[in-house]
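Residues per chain are reported as follows:
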Amino acid sequence: MKQHKRIVDGTTVLVNVVETPDELPALHRFLDGKPLVGVDSETTGLDIYSDGFRCRLVQFGTDDESWVVPVDKGGEFRYAARHALKNINRMVLQNASYDLQVFDRALGVPMETLWPKVIDTSILAHLTDPRGVKEGGVGLSLEDLTRHHIDPDVADEVKGLMNVLRLQHKTTKAHIWKIIPLDDPQYELYAGIDPVLAFRLYRKLMPLVPGESKNLIRQEHELAAVCSYIERTGFLLDIEYTEELSQRFRDVEEAHLWTARELGCENIFSTEQLADTLESRGHTITEFTPTGKRKVDEALLGTLAAGGDELAQAVVKAKKARKWRTTWCDRFLAGADSEGRCHASINPLQARTARMSITGIPAQTLPAGDATIRRCFLSDPGQVMASVDYQAQELRVLAALSGDQTMIRAFQRNEDLHQITADASGVDRKIGKMVNFAYVYGSGPRNIAEQGGIEVDVARKVIAGFEKKYPKVKELSQRLQKQAVATGYITTPFGRRLPVDRERPYSALNYMVQSSSRDITAQALLRLHEQGGTRFVRLPIHDEVLASVPQEKAVEAAGWIGRVMATEFKGVYIGTDPEVGGRSWGSLYGSDY
DNA sequence: CAGGTTAGCACC
DNA sequence: AAACGGTGCTAACCTG
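None of these values were measured; they are calculated from a predicted model.

Undergrad: Now, about the overall build of chain A: what can you tell me, with residues and values included?
TA: Across its full length, chain A holds 23 helices and 20 strands. Computed over its C-alpha atoms, the radius of gyration of chain A comes to 27 Å, within 12% of the 25 Å expected for a compact globule of 593 residues. Judged by the C-alpha coordinates and their principal axes, chain A covers about 80 × 65 × 55 Å. Burial status across chain A gives 54% buried among its 593 residues. Taking contacts inside chain A between residues at least 6 apart in sequence as the whole, the part at least 24 apart equals 65%. Accessible surface, chain A as shown: approximately 26700 Å² in total, 49% of it carbon and sulfur. Of note, chain A has its 74 positive side-chain charges centred 4 Å away from the centre of its 80 negative side-chain charges.

Undergrad: Give me the layout of surface pockets: which residues, what numbers.
TA: Gaps left between atoms show up when a probe the size of a water molecule is rolled over them. What the second largest pocket holds in volume is close to 630 Å³. What lines the second largest pocket is a set of 25 residues, among which Asp389, Ile541, His542, Asp543 and Glu544 lie closest to the centre. Elements represented by at least two residues in the lining of the second largest pocket include exactly β13 (383-390), α15 (393-402), α18 (429-441), α22 (508-530) and β16 (537-541). Looking at the lining of the second largest pocket element by element, the count peaks at 4 residues for α22. The class makeup of the residues in the lining of the second largest pocket is 10 nonpolar, 7 polar and 8 charged. Two domains share the lining of the second largest pocket, each providing at least three of its residues, namely domain 3 (344-393 + 516-589) and domain 4 (394-511).

Undergrad: Provide a residue-level description of the protein's contact with DNA strand B, including the pertinent values.
TA: The environment of DNA strand B is formed by 21 residues, the closest being Lys173, Thr289, Thr291, Glu298 and Leu366. Expressed as a percentage, the sugar and phosphate content of the atoms of DNA strand B within 4 Å of the protein is 83%. Side-chain polar atom of Asp543 to a sugar or linking oxygen of DNA strand B: 3.3 Å apart, as the coordinates give it. Looking at side-chain class alone, the surface near DNA strand B contains 6 nonpolar, 7 polar and 8 charged residues.

Undergrad: Account for the protein's contact with DNA strand C, with residues named and values stated.
TA: What surrounds DNA strand C is a group of 33 residues, the closest being Phe269, Pro445, Asn447, Arg460 and Asn510. Sugar and phosphate atoms represent 73% of those atoms of DNA strand C found within 4 Å of the protein. Interatomic distance of 3.4 Å between a backbone N/O atom of Tyr441 and a sugar or linking oxygen of DNA strand C. Between a sugar or linking oxygen of DNA strand C and a side-chain N or O atom of Ser443, the distance comes to 3.0 Å.

Undergrad: So, the packing of α22 against helix α23 (residues 554-565): which residues are in play, and what are the values?
TA: Where α22 contacts α23, the two axes come as close as 9 Å, and the packing angle between them is 125°. Looking at the two axes, α22 sits oblique to α23. The chirality of how α22 crosses α23 is right-handed. Here Ala524, Arg527 and Leu528 of α22 lie close against α23, whose contacting residues are Trp560, Ile561, Val564 and Met565. A per-class count over the contact of α22 with α23 returns 6 nonpolar, no polar and 1 charged.

Undergrad: How would you sum up the sheet that holds strand β12 (residues 377-378)? Please name residues and give values.
TA: As a general point, the strands of a sheet are linked pairwise by backbone hydrogen bonds and lie either parallel or antiparallel. Spatially, 3 strands are ordered β9-β8-β12 in an open sheet, and the strand pairing comes out antiparallel. Since the sheet does not close on itself, it has two edges, and those belong to β9 (341-342) and β12, each with one partner. Here strand β8 (residues 235-237) runs beside β12; their pairing, made up of 2 bridges, is antiparallel. Paired with Leu236 across the bridge in β12 is Leu378.

Undergrad: Could you give an account of helix α6 (residues 142-149), with specific residues and numbers?
TA: Among the residues of α6, those classed as buried are Leu142, Asp144, Leu145, Thr146 and His149. Buried-residue contacts for α6 involve α5 (121-128), α7 (152-168) and α9 (185-205).

Undergrad: I'd love a proper account of the packing of aromatic side chains, names of residues and values included.
TA: Enumeration over the complete set of coordinates arrives at 10 aromatic pairs. With a centroid separation of 6.0 Å and 80° between ring planes, the pair formed by Phe249 and Trp324 is classed as edge-to-face. Here Trp324 lies in helix α14 (residues 310-335) and Phe249 lies in helix α11 (residues 239-262), a separation of 75 residues in the sequence. Summarising the burial analysis for this pair, Phe249 and Trp324 share the class buried.

Undergrad: How would you explain the environment of Gln168 if you had to name every residue and give the values?
TA: Looking at the secondary structure, you find Gln168 in helix α7. The sequence separation of Gln168 and Gly264 amounts to 96 residues, and the corresponding C-alpha distance is 46 Å. Residues in contact with Gln168, not counting those within four places in the same chain, are Asp184 and Gln186.

Undergrad: Explain the sheet that holds β16 to me, and be specific about the residues and the numbers.
TA: Pairing in this open sheet of 4 strands is antiparallel, and the strands run β16-β17-β13-β20 from one edge to the other. Looking along the sheet, the strands with just one partner apiece sit at the ends: β16 and β20 (576-580). Put simply, the sheet's adjacent strands are angled 20° from each other on average, direction ignored. The pairing of β13 with strand β17 (residues 544-550) spans 7 bridges and is classified as antiparallel.

Undergrad: Summarise the pattern of salt bridges; cite the residues concerned and give the values.
TA: Using the criterion set out here, one finds 30 salt bridges in the structure. With a closest N to O distance of 3.0 Å, Glu188 and Lys2 form a salt bridge. Of this pair, Glu188 sits in helix α9 while Lys2 sits in strand β1 (residues 2-8), and the two are 186 residues apart along the sequence. The buried category is assigned to Glu188, whose relative accessible area is 2%. Three or more residues joined by partner-sharing salt bridges are found here, namely Glu135, Arg352, Asp501 and Arg504.

Undergrad: Describe in detail the pairing of β13, supporting the description with residues and values.
TA: Extensive coverage of β13 is indicated by the burial of 7 of its 8 residues. Looking at chain direction, β13 and β20 are connected through 5 bridges and run antiparallel. If you follow Ser387 over to β20, its bridge partner there is Glu579.

Undergrad: With reference to specific residues and values, describe the side chain of Ser425.
TA: Positionally, Ser425 belongs in helix α17 (residues 417-425). Leaving out residues up to four positions away in the same chain, Ser425 has contacts with Lys461, Val462 and Gly465.

Undergrad: Requested: an account of the domain arrangement of chain A, with residues and values cited.
TA: The domain architecture assigned to chain A consists of domain 1 (2-209), domain 2 (237-335), domain 3 (344-393 + 516-589) and domain 4 (394-511). Distance from the C-alpha centre of domain 2 to the C-alpha centre of domain 4: 37 Å.

Undergrad: Outline the state of the cysteines, supporting the account with residue identities and numerical values.
TA: Per the counting criterion, the structure on display carries 0 disulfides. As a non-bridged cysteine, Cys329 has Cys376 as the owner of its nearest cysteine sulfur, 4.8 Å distant. Owing to a relative accessible area of 0%, Cys329 belongs among the buried residues under this scheme. Look at Cys376 and you get buried, because its relative accessible area is 0%.

Calculation rules
- Residues numbered from 1 in each chain as written.
- Chains lettered and ligands numbered in written order.
- Predicted model: local features only at pLDDT ≥ 70, side-chain atom pairs only at ≥ 80, totals over all residues.
- Heavy atoms only, no water.
- Helix = DSSP H or I, 4+ residues; strand = E, 2+ residues; numbered from the N terminus.
- Rg over C-alpha atoms; globule rule 2.2 N^0.38 Å.
- Buried < 20%, exposed > 50% of the residue type's maximum accessible area, 1.4 Å probe, protein only.
- Contact = heavy atoms within 4.5 Å.
- Areas by Shrake-Rupley, 256 points an atom, 1.4 Å probe, with all protein chains shown as cover.
- Lys, Arg positive; Asp, Glu negative; His and termini not counted.
- Charge placed at Lys NZ, Arg CZ, Asp CG, Glu CD.
- 1 Å grid on protein atoms, 1.4 Å probe; cavity = no way out; pocket = protein on both sides within 12 Å on 5 of 7 lines; lining within 4 Å.
- Points joined across faces, edges and corners; volume = space filled by probe spheres on them.
- Nonpolar A, V, L, I, M, F, W, Y, C, P; charged D, E, K, R; others polar.
- Domains from an automatic or database assignment.
- Near = heavy atom within 4 Å.
- Polar contact = N/O pair within 3.5 Å; in protein donor to acceptor, adjacent residues only side chain to side chain.
- Axes fitted to C-alpha atoms, helices over the stretch in contact; angles between N-to-C directions.
- Parallel < 35°, antiparallel > 145°, perpendicular 65-115°, else oblique.
- Left-handed = near helix turned anticlockwise from the far one by under 90°.
- Pairing = 2+ DSSP bridges.
- Phe/Tyr/Trp six-rings, centres within 6.5 Å; stacked < 30°, edge-to-face > 60°.
- Salt bridge = Lys/Arg side-chain N within 4 Å of Asp/Glu carboxyl O.
- Disulfide = S-S within 2.5 Å.

If you want it as structure tokens, here you go:
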């Protein structure tokens with residue numbers, strides 16, 4: 001057995017690396033009876049569901065000792081790691097969703113058996129301070145948390161490690177974790193340190209979680225589990241359609257790039273080159289970016305294209321085709337597993353407001369006005385797509401939080417809130433709707449004017465009309481701003497503490513509304529899970545749950561999901577709107593199939 | 001080659 | 001008096 005030593009925050013950590021099967025009983029003696037163990041894994045990459053993905057090491061640790069098990073050697077090592085995972089009382093991990101999916105997929109240990117005993121330090125960290133480093137917080141990665149809470153030198157070394165190993169082994173970032181020899185001493189050492197860091201972070205972070213947020217610890221662990229199950233299930237991709245679509249976009253792009261080249265622009269994706277060519281064609285560019293560069297955006301190109309400029313027309317079409325092909329089609333195809341399923345990565349606790357984020361299948365940012373891209377995804381065989389979203393979730397949450405009777409009554413009587421806002425100032429419904437949302441975003445007169453295509457004076461008048469019509473909303477915003485300036489944070493009814501930058505107190509209202517809305521959706525997911533609905537869920541998307549449900553009972557299933565999700569918040573009913581489509585996600589957006 | 005920043009686009 | 005909140009992804013461009 002090999003051993004390494006490293007001082008972490010003044011205490012020596014002993015890393016034991018198992019080399020032969022006869023050393024495994026010592027591992028089990030180490031773990032036996034421990035109430036809490038830090039756990040981590042090293043893998044061939046992040047693509048858990050692709051062919052050839054392997055788990056290479058599994059590491060177990062406490063505050064001053066750890067054990068590294070080379071499961072990639074197979075046989076007894078894999079068996080020992082599986083046995084250890086199953087028998088641990090409680091385990092602490094940083095971002096458990098990842099490792100648990102690895103253990104499930106690569107070692108055959110079902111996530112269901114491990115989640116009940118998991119403590120995830122990334123959850124504790126988010127509840128303590130949800131801000132990333134750029135936002136003035138300590139950050140949420142193991143590296144950032146280690147830097148702030150444990151040992152900055154260790155954090156820096158962990159950060160530099162990949163580069164060191166990459167150079168030593170003459171390879172790239174993309175390949176190093178696949179090819180690094182299992183017995184590389186630095187690899188072993190840092191693999192062994194990670195579960196120790198997770199273990200120590202737990203001790204440091206637990207007391208820092210605000211008292212009012214304690215109830216969220218359980219909620220967030222359950223939610224993380226549910227989201228990991230949704231990730232594992234994946235979303236069926238229509239590969240044939242997606243490949244064809246990709247090729248179609250490629251052809252369109254090629255044709256227009258050809259035209260652009262003939263008109264004198266080699267690379268339309270270089271804003272500088274494009275600006276030069278447009279100017280040489282007699283156009284003057286009057287807008288500039290914050291750094292003083294000529295601004296060539298869709299607004300300018302659209303105007304020029306409408307005016308008949310052939311280059312602008314070609315550029316608009318080529319850019320769209322490229323974007324749709326690379327960002328959507330090719331990405332989906334690259335991410336599909338051998339069964340044709342794409343596994344999104346859901347971070348249930350991403351934003352400062354705890355809003356979730358979805359990557360891999362960037363479901364929150366797919367084009368909504370057109371079914372083409374969503375048509376790529378299918379319900380399972382024998383099932384159809386269903387979507388259940390909350391009706392006016394954020395505005396109802398605003399009504400509930402503020403207790404504004406005008407707003408609450410409007411919702412109770414099913415009146416048109418956007419029209420009410422519009423009537424308060426004698427403007428079009430369209431402006432009323434825009435202001436309803438913009439007010440929650442903290443927009444000022446200038447911004448509202450620009451967005452609505454109205455004069456700043458009119459915007460001021462509409463804001464004043466909004467505040468007069470819904471006085472309690474204004475009161476709430478002011479109360480939150482005061483709180484934010486005085487303490488640096490606000491606390492939501494769910495017990496979540498949200499830091500507010502003192503130079504942007506107006507964002508407090510939005511944080512409150514966005515975060516409360518997120519927690520309403522989160523709790524709905526937990527209710528769905530308790531009642532056995534998770535296997536149907538494909539993705540949670542803000543105020544919506546997207547599902548694949550049995551065709552024969554689709555309407556009933558969607559209605560059931562809608563009833564489970566519907567809820568009351570501070571006396572205000574937040575209802576749902578179930579919709580049933582056909583085989584593809586696109587069918588909910590107008591596609592035939 | 002990797003990482004960060006800027007710009008632009010998509011969504012709620 | 002005024003204040004646009006949050007997210008992801010790609011490409012270009014600069015720097016170490």
